[in-house]
Amino acid sequence: KKGEAWSARFSEPVSDLVKRYTASVFFDKRLALFDIQGSLAHAEMLAAQRIISAEDRAGIERGMAQIKGEIEAGSFEWLLDLEDVHLNIEKRLTELVGDAGKRLHTGRSRNDQVATDIRLYVRAAIDDIVVLLNGLRAALTDLAEQNADTIMPGFTHMQVAQPITFGHHMLAYVEMFGRDVERMQDARKRVNRLPLGAAALAGTTFPIDRERVARTLGFDDVCHNSLDAVSDRDFAIEFCAAGALIMTHISRMSEELVIWMSPRVGFIDIADRFCTGSSIMPQKKNPDVPELARGKTGRVYGHLTGLLTLMKGQPLAYNKDNQEDKEPLFDTVDTLVDTLRIFADMAGGITVKPDNMRAAALQGYATATDLADYLVKKGLPFRDAHEAVARAVRACDDLEYDLAEMSLDQLRAFSSLIGDDVFAVLTLEGSVAARDHVGGTAPRQVRAAIARVRAQLAG
Ligand code: ARG
């Protein structure tokens, strides 16, 4: 019977249903090039340690080069009968180069092999995602620069709070995605360890050189306990947790974009290429991309929960449960990569409507805090200033005025400390310009923050 690498032990073949149930090749073939990379490093070490001959190593390299070509050309025949990516490649290698192919698995198990493949895969994914996060940060920084002076209402509780600039608002997301970069880079340290050499669980009787393989594959170190090496998936969970936080940030931003594009709000427009229409309502232009990104956040959270749950009941060391780590991991990577790429592009497709933002900032007494601060600077205790301004706002409400529209006499009814210099602090421009310290919304500070981010992105 063709197929299973372990079949001599068995008196009957598994049923087709069991075969399909236990096979992973149709998703883990995505690891193929990492599997080959790991096998080549292993073979190189086996030859250097004289565990296999130089000819065997040469044969393995020749066979793997051909297999790589077949996979890249799409002509490699993946067989369900051969269960997973590892056995498919090994079988083909043996077809191509005979006994050398059969010697490759010396001192190795699929357990340490798959753990190595996934680490190589996650490491590459992290490096891609860091580049994409920084690309998005650069695009948002450009948008912030164009809008360093664009005034909009800042909200708390979805109520107008204080004037801010749109540039400052965009830079808040640049900070979030900056922490995401740090989290990914930190997780990478724990991803970048070599499990190979742990073999099935206890190590191997062959005189292997694990440090050599680690160096060849660019790992910083080896995993120091063989049981832990084959059964640890913490690194995948950490990656998914960092990914879940990226999607949290994407989703919050999406929610804002959707609200801002609502005609009721009208703060922005999003370029047509990121929107779709309705099949029934001819007038519709819907912000599909941010809506879908908000929705896809759910599946990334789900994958994190799935992986945590996958691990919680497993006794040491390897269990077949672990085969279930791959699809959530792959889908997390795909979702992050596509989402980050599309958001970096979409940032350049956002048109800001400054007049609408300004009009909204003029509703809701956004400069009330400025008036209270003004009274404090004239000597009134803050709580009394707060009370005086609260009374002024209430009067404005009745008159349907903004604070800046009151006459000096009207304002002085609430505090005799108010002089005609008050109108400078009641303007939106005066309000934002006055918040002039590191982290504040003053256009000067927004420009300084942009310079800091750009220096960081360039360095
Ligand atoms: N396909 C397996 C996985 O994804 C590879 C390791 C299988 N090891 C084993 N002893 N069955 O985890």
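Remember, it's a predicted structure, so these values are computed and weren't measured experimentally.

1. Some thoughts on the overall build of the chain
Assigned secondary structure in the chain consists of 20 helices and 6 strands. Computed over the C-alpha atoms, the radius of gyration of the chain is 31 Å, more than 25% above the 23 Å expected from 2.2 N^0.38 for a compact globule of 459 residues. Residue burial in the chain is summarised as follows: out of 459 residues, 49% are buried. Contacts in the chain between residues far apart in sequence, at least 24 positions, make up 74% of those at least 6 positions apart. A total accessible area of about 22,200 Å² is found for the chain, and carbon and sulfur atoms account for 52% of it.

2. Here we look at the pattern of salt bridges
Per the counting criterion, the structure on display carries 32 salt bridges. Note that D180 and R183 form a salt bridge whose closest N and O atoms lie 3.1 Å from each other. Taken together, the residues span about one helical turn, with D180 and R183 both in helix α8 (residues 166-191) at a distance of 3 residues. Classification of D180 as buried rests on a relative accessible area of 1%. A cluster of three or more residues bridged by salt bridges with shared partners is formed by E83, D84, R110 and K320.

3. Description of the confidence of the model for the chain
With 99% of its residues at a pLDDT of at least 70, the chain reaches an overall mean of 96. For this predicted complex, the interface confidence reaches an ipTM of 0.96, while the overall pTM sits at 0.95.

4. Describing the site of the ligand
Around the ligand, the neighbouring residues are S24, D28, D84, H86, R110, N111, V114, Y318, Q323 and K326. Here a nitrogen atom of the ligand and a side-chain polar atom of D84 are 3.1 Å apart. Take K326: an N or O atom from its side chain is 2.5 Å from an oxygen atom of the ligand. Its free accessible area being 340 Å², the ligand has 86% of it covered by the protein chains. Here the shell around the ligand gets 3 residues from one element, more than from any other, and that element is helix α7 (residues 110-146). When grouped by side-chain class, the residues that make up the shell around the ligand number 2 nonpolar, 4 polar and 4 charged.

5. Let's talk about the packing of aromatic side chains
Taken as a whole and assessed by the stated rule, the structure comprises 4 aromatic pairs. Feature note: the residues F34, Y121 and F330 constitute an aromatic cluster, connected by ring pairs. In this arrangement the basic side chain of R9 is found over the ring face of F10, its NZ or CZ atom lying 5.6 Å from the centre. In this arrangement the basic side chain of R123 is found over the ring face of F219, its NZ or CZ atom lying 5.1 Å from the centre.

6. What to know about the nonpolar core
Within the largest apolar cluster, 104 residues are counted, with the highest numbers of intra-cluster contacts made by I89, F239 and I268. Broken down by element, the residue count for this core peaks at 16 residues, all from α7. Leave out the neighbours within four places in its chain, and I89 touches A32, D35, I36, M64, I67, I71, F76 and W78. Of all hydrophobic cores here, the second largest spans 20 residues; its members include L371, A388, V389 and F414.

7. Digging into unusual backbone geometry
With an omega of 0°, the peptide bond running from L316 to A317 counts as cis. Along the chain, A317 falls in the loop between α12 (288-312) and α13 (326-347). Unlike most non-glycine residues, R50 shows phi in positive territory, near 60°. Along the chain, the position of R50 falls in the loop between α3 (32-48) and α4 (54-73).

8. A look at α12
An ideal rise of 1.5 Å per residue puts 36 Å on 25 residues; α12 measures up with 37 Å between its terminal C-alpha atoms. For α12, the full list of buried residues reads V289, P290, A293, T297, V300, H303, L304, L307, L310 and M311. Summarising the contacts, the buried residues of α12 are in contact with α10 (226-231), α11 (234-261), β5 (268-270) and α13.

9. Remarks on the side chain of T441
Tracing the sequence through the fold places T441 in the loop between α19 (428-433) and α20 (443-458). For T441, a relative accessible area of 5% puts it in the buried group. Of the polar contacts made by the side chain of T441, one reaches the backbone nitrogen of T165; its length is 3.1 Å. Look past the residues within four positions of T441 in its chain and what remains in contact with it is P163, I164, T165, H168, V432, R435 and V446.

10. Details of a nonpolar patch on the surface
A cluster of nonpolar residues, L201, L227 and L316, forms a patch on the protein surface that exposes about 270 Å² of accessible area. Along the polypeptide, L316 turns up in the loop between α12 and α13. Accessibility expressed as a relative area gives 65% for L316, which makes it exposed.

What counts as what
Residues numbered from 1 in each chain as written. Predicted model: local features only at pLDDT ≥ 70, side-chain atom pairs only at ≥ 80, totals over all residues. Heavy atoms only, no water. Helix = DSSP H or I, 4+ residues; strand = E, 2+ residues; numbered from the N terminus. Rg over C-alpha atoms; globule rule 2.2 N^0.38 Å. Buried < 20%, exposed > 50% of the residue type's maximum accessible area, 1.4 Å probe, protein only. Contact = heavy atoms within 4.5 Å. Areas by Shrake-Rupley, 256 points an atom, 1.4 Å probe, with all protein chains shown as cover. Salt bridge = Lys/Arg side-chain N within 4 Å of Asp/Glu carboxyl O. pLDDT = per-residue confidence, 0-100. Near = heavy atom within 4 Å. Polar contact = N/O pair within 3.5 Å; in protein donor to acceptor, adjacent residues only side chain to side chain. Nonpolar A, V, L, I, M, F, W, Y, C, P; charged D, E, K, R; others polar. Phe/Tyr/Trp six-rings, centres within 6.5 Å; stacked < 30°, edge-to-face > 60°. Lys NZ or Arg CZ within 6 Å of the ring centre and 35° of its normal. Core = buried A, V, L, I, M, F, W, Y, C linked by side-chain atoms within 4.5 Å. Expected span 1.5 Å × (residues − 1). Patch = residues over 30% accessible without salt bridge, like charges linked within 9 Å, V, L, I, M, F, W, Y side chains within 5 Å.

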